[in-house]
Amino acid sequence: VELLDACGGFSEVLSVTQATAPDQRWSPYPEGPFPLRALPTDANCETSKAIRFIFTDVKGGAGADGVMLSEIKLYDDDDQEIAGLNASNPGGNQVSLNPNQVPANLVDGRTETKWIDASFSSGSSVVELTLPNPTVVKEYVFYTGADPDKRDPTTWTVERLNHGTWQTLGSP
């Protein structure tokens, strides 16, 4: 998989096209963490105010009733977890499956909570993570929910907010 880095260059990363739910739930995907490996050339190119994941497929395929994760973690250029994230799910629908499985659960530090989006059945789902301060985001890790693995994402695009415009960083 090649990722477009924050400054327009490409770099090769681990493949996620065969991402499957881990044998033991509550753990990161076997291929993760997924490095973004951006090679910035200046300060404007390095930092992100927000990261967006656009999920387009799950293990259960087109018939799945939603997409689900337990946690998403972002890591900075020093391999430190980025704290203080806010999560949103623009256009998402938690009500029809479980109104308690909201986007905030993705960044609460607890793998026993979950997020689900039933609007995925219409083709995609978006999660936006807002960072407390502009930060270099080097990699991310997904944790799956302890529910049917048919909801585990297998295909997604990663984007970053760059001066008010979403810029693609990678897609399996």
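Our subject is the structure that appears above.
Everything quoted here is computed from the prediction, not taken from an experiment.

*Asks:* A description of the pattern of salt bridges should follow, citing residues and the corresponding values.
*Replies:* Following the criterion strictly, the structure yields seven salt bridges and no others. Put simply, Arg-52 and Glu-128 hold a salt bridge, and the shortest N to O gap is 3.6 Å. Of this pair, Arg-52 sits in strand S4 (residues 47–58) while Glu-128 sits in strand S9 (residues 125–143), and the two are 76 residues apart along the sequence. Here Lys-138 and Asp-79 are joined by a salt bridge, their closest N and O atoms 3.0 Å apart. Here Lys-138 is found in strand S9, whereas its partner Asp-79 is found in the loop between strand S6 (71–76) and strand S7 (86–88), with 59 residues between them in sequence.

*Asks:* So what's going on with the pairing of S4? Residues and values would help.
*Replies:* Pairing analysis gives eight bridges linking S4 to S9, with the strands arranged antiparallel. Pairing of Arg-52 across the sheet is with Glu-128, part of S9. Where S4 meets strand S10 (residues 153–162), seven bridges bridge the pair, whose relative direction is antiparallel. Looking across to S10, one finds that Ile-51 is bridged to Arg-160.

*Asks:* Give a description of the nonpolar core that names residues and reports values.
*Replies:* Counting 24 residues, the largest nonpolar core has Ile-51, Phe-53, Phe-55, Ile-72, Leu-74, Leu-129 and Phe-142 as the members making the most contacts within it. With six residues, the top contributor of residues to this core is S9. Residue contacts for Ile-72: discarding those within four places in its chain leaves Phe-53, Leu-106, Val-107, Val-127, Leu-129, Val-141 and Phe-142.

*Asks:* Kindly report on the pairing of S9, identifying the contributing residues and their values.
*Replies:* Across a regular strand the side chains alternate sides, sitting on one face of the sheet and then on the other. Along S9, 14 of the 19 residues are buried, which leaves the element largely enclosed by surrounding structure. Relative to S9, S6 runs antiparallel, the two being bridged by six bridges. Bridge assignment links Tyr-75 to a residue of S9, and that residue is Glu-139.

*Asks:* Run through the packing of aromatic side chains, naming residues and quoting values.
*Replies:* Under the definition given, this model contains eight aromatic pairs. Judged by centre distance (5.7 Å) and plane angle (55 degrees), the ring pair of Phe-55 and Phe-142 falls under tilted. Linking Phe-55 in strand S4 with Phe-142 in strand S9, this pair joins segments that are 87 residues apart in sequence. When sorted by exposure, Phe-55 lands in the same class as Phe-142, which is buried. Here the aromatic cluster, defined as three or more aromatic residues joined through ring pairs, consists of Phe-53, Phe-55, Trp-115, Tyr-140, Phe-142 and Trp-156.

*Asks:* So what's going on with unusual backbone geometry? Residues and values would help.
*Replies:* Among all residues save glycine, negative phi is the norm, and among peptide bonds the norm is trans. Of note in the backbone geometry, Asp-79 takes a positive phi value of approximately 65 degrees without being a glycine. A positive phi is found at His-163, a non-glycine position, where the angle reads about 55 degrees. Considering the arrangement of structural elements, one finds His-163 in the loop between S10 and strand S11 (165–170).

Conventions used here
Residues numbered from 1 in each chain as written. Predicted model: local features only at pLDDT ≥ 70, side-chain atom pairs only at ≥ 80, totals over all residues. Heavy atoms only, no water. Salt bridge = Lys/Arg side-chain N within 4 Å of Asp/Glu carboxyl O. Helix = DSSP H or I, 4+ residues; strand = E, 2+ residues; numbered from the N terminus. Pairing = 2+ DSSP bridges. Core = buried A, V, L, I, M, F, W, Y, C linked by side-chain atoms within 4.5 Å. Buried < 20%, exposed > 50% of the residue type's maximum accessible area, 1.4 Å probe, protein only. Contact = heavy atoms within 4.5 Å. Phe/Tyr/Trp six-rings, centres within 6.5 Å; stacked < 30°, edge-to-face > 60°.

By themselves, these figures tell us nothing about what the structure is for.
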